[in-house]
Amino acid sequence: MNTVHVNTIRDRGAAALRRLSRSTAMTLLCVVLIGYLALGVASSGSFFEGPSVRTFLRYLATPVLIGLAQMAALCVGQLNLAVGALGGFTACLMGVLMADQGVPAGVAVAAGVLTATAIGLATGLFIVVTRINGFIVTLGTMTILQGAQYGLTGTRTVDGYSAALGDFGRAAPLNVPLVFLTALAAAALLAAFLYRTTAGRRLLAAGGNPLAARLSGISTDRQIVLAHTLSGLLIGVAALTATASLPGVNRSVGGDWLLPSFAAPIIGGVALTGGSVAVLGTVLAAFVMRLIDAARAQFSLDPSWVNFLIGVVVLGTVVGGRIHQSHLARRGGSRGGAPPAPPPAPPPVPPRSDARPAAVSPHPGGSG
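Residues numbered from 1 in each chain as written. Predicted model: local features only at pLDDT ≥ 70, side-chain atom pairs only at ≥ 80, totals over all residues. Heavy atoms only, no water.

Going by the annotation in an unreviewed UniProt entry, the name recorded for the protein is ABC transporter permease, with Streptomyces antioxidans given as the source organism. Recorded in UniProt under Subcellular location (unreviewed entry), the annotation for the protein is "Cell membrane". (UniProt positions renumbered as here; feature names shortened; annotations may be inferred.)

Below, the structure written as structure tokens:
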């Protein structure tokens, strides 16, 4: 009995390893390792040194968080175009509260994160109440928040905020920045919520098949509100890491967040139609984009080429996913589309040699 149990565990583990080896996350992990080693060799080893590692991971925290924020909206089939505008507004709000109003860092950070979460909640409620497409609602929200961000800072850079927040951004025990650990903790908590809780499973069910979810008693409206609230919360945390890492905040913060926020989850394996998440894939995809940015700085490449490359990768990933789904649908149709052939009829029974031909009667039951 014990041997059978051990063999079952071994077989399950082997099957899980086979699935992992064919997954998007494993492909991205290989790309990350190869890219990191290549940059290290190209830099004659300086890329592996402590200061370079700290800088690389410090500026990786925000791309991870904004990718997770976009993933939270995508899991219910929604798009959040206001990721960058909300993050920039929240970062400027934190900076202005600390520099202009003298608010302690902890209070300013809490106020900023709660404000971003409340704006995400309001966005979800507005989508549900008005039945306007989330693309249009978040586009309008983006425009409003960009104006509010400019109203907070104008043309100046706010850099006189709390030294405690700057110390948090620079702290890196064992060359691992605390802001990066904050992003990893947020990813772990989000994964636990989505994969291990009933609310998370309902969120994915509503995104995967809204009609079936409604028939099962799951309110799709509540899930849309929850998804945008989670997105706002993660954007608030991203604004925290950005404010702590940057020497100052101004109206340009968040202006270049939109493309990376879509690129990370899409490259990581998240479907645009909803119903799926890929937390590890999103984190690794953000790592790949950070490697591209580091290569741009090291080889003095034009930033426009980096955006071009990321855009091509995103489009290629979407097209590849479509082709793969079509291939699976055709293969499934060829296997189960045609009805099974009926069983062959039994062979006729030969007449008995001693049987006499029956007399033909003009009326049923007649005897002639």
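On we go from here.
Right, let's talk about the overall build of the protein for a bit. Of regular secondary structure, the protein possesses 15 helices and zero strands. Looking at the protein as a whole, 41% of its 368 residues qualify as buried. Accessible area of the protein: about 20000 Å², with a carbon and sulfur share of 66%. (Helix = DSSP H or I, 4+ residues; strand = E, 2+ residues; numbered from the N terminus. Buried < 20%, exposed > 50% of the residue type's maximum accessible area, 1.4 Å probe, protein only. Areas by Shrake-Rupley, 256 points an atom, 1.4 Å probe, with all protein chains shown as cover.)

With that settled, the discussion passes to the side chain of Ser43. Within the secondary structure, Ser43 sits in the loop between helix 2 (24-42) and helix 3 (50-58). One polar contact links the side chain of Ser43 to the main-chain carbonyl oxygen of Leu39, over a distance of 3.0 Å. Here Phe47 takes part through its backbone nitrogen, which lies 3.0 Å from a polar atom of the side chain of Ser43. (Polar contact = N/O pair within 3.5 Å; in protein donor to acceptor, adjacent residues only side chain to side chain.)

So, about helix 5 (residues 83-99). Here helix 5 contains 17 residues, and its C-alpha end-to-end distance of 24 Å stays within 8% of the 24 Å for a straight helix at 1.5 Å per residue. For helix 5, a buried count of 16 out of 17 residues is recorded, marking the element as mostly surrounded by other parts of the structure. (Expected span 1.5 Å × (residues − 1).)

Here we come to empty space enclosed by the protein. All told, the structure shown has one cavity of 30 Å³ or more when counted by the stated rule. The calculated volume of the largest cavity comes to roughly 60 Å³. Together, 13 residues line the largest cavity, and Asn80, Ala82, Leu86, Gly120 and Thr123 are the ones closest to its centre. When residues of the lining of the largest cavity are traced back to their parent elements, those giving at least two are helix 6 (105-130), helix 7 (134-153) and helix 12 (220-245). A breakdown of the residues in the lining of the largest cavity according to their chemical character gives five nonpolar, eight polar and no charged. (1 Å grid on protein atoms, 1.4 Å probe; cavity = no way out; pocket = protein on both sides within 12 Å on 5 of 7 lines; lining within 4 Å. Points joined across faces, edges and corners; volume = space filled by probe spheres on them. Nonpolar A, V, L, I, M, F, W, Y, C, P; charged D, E, K, R; others polar.)

Right, let's get into the nonpolar core. Counting 90 residues, the largest nonpolar core has Phe56, Leu60, Leu68 and Met71 as the members making the most contacts within it. Once you skip the residues sitting within four places of it in the chain, Phe56 turns out to touch Phe47, Phe287, Arg290, Leu291 and Ala294. Formed by five residues, the second largest nonpolar core is a distinct cluster that contains Val128, Val137, Ile224 and Val225. (Core = buried A, V, L, I, M, F, W, Y, C linked by side-chain atoms within 4.5 Å. Contact = heavy atoms within 4.5 Å.)

Moving on: the packing of helix 10 (residues 198-208) against helix 12. Two elements in contact, helix 10 and helix 12, have axes separated by 9 Å at closest approach and are oriented at 110 degrees. The pairing of helix 10 with helix 12 is recorded here as roughly perpendicular in orientation. Listed contacts from helix 12 to Ala199, Arg202, Leu203 and Ala206 of helix 10 are Thr220, Gln223, Leu226, Ala227 and Leu230. (Axes fitted to C-alpha atoms, helices over the stretch in contact; angles between N-to-C directions. Parallel < 35°, antiparallel > 145°, perpendicular 65-115°, else oblique.)

In this section: the packing of aromatic side chains. Going through the model one piece at a time under the given rule, you end up with five aromatic pairs. Relative to Phe48, the ring of Tyr36 lies with its centre 5.5 Å away and its plane at 40 degrees, an arrangement referred to as tilted. In this pair, Tyr36 sits in helix 2 while Phe48 sits in the loop between helix 2 and helix 3, placing the two residues 12 residues apart along the sequence. For Phe48, a relative accessible area of 40% corresponds to the partly exposed category. (Phe/Tyr/Trp six-rings, centres within 6.5 Å; stacked < 30°, edge-to-face > 60°.)

Here the largest pocket defines a volume of roughly 720 Å³. For the lining of the largest pocket, the elements supplying multiple residues, two or more each, are helix 4 (61-74), helix 12, helix 13 (258-268), helix 14 (279-299) and helix 15 (303-336). Examining the composition of the lining of the largest pocket, we find that five residues originate from one element, helix 14, more than from any other. Its residues assigned to classes, the lining of the largest pocket comprises 14 nonpolar, five polar and five charged.

Using the criterion set out here, one finds five salt bridges in the structure. As a salt-bridge pair, Asp221 and Arg131 come within 2.8 Å of each other at their nearest N and O atoms. With Asp221 in helix 12 and Arg131 in the loop between helix 6 and helix 7, this pair connects stretches of sequence that are 90 residues apart. On the basis of relative accessible area, Asp221 is assigned to the partly exposed category, the value being 21%. Residues participating in the shared-partner salt-bridge network are Arg290, Asp293 and Arg296. (Salt bridge = Lys/Arg side-chain N within 4 Å of Asp/Glu carboxyl O.)

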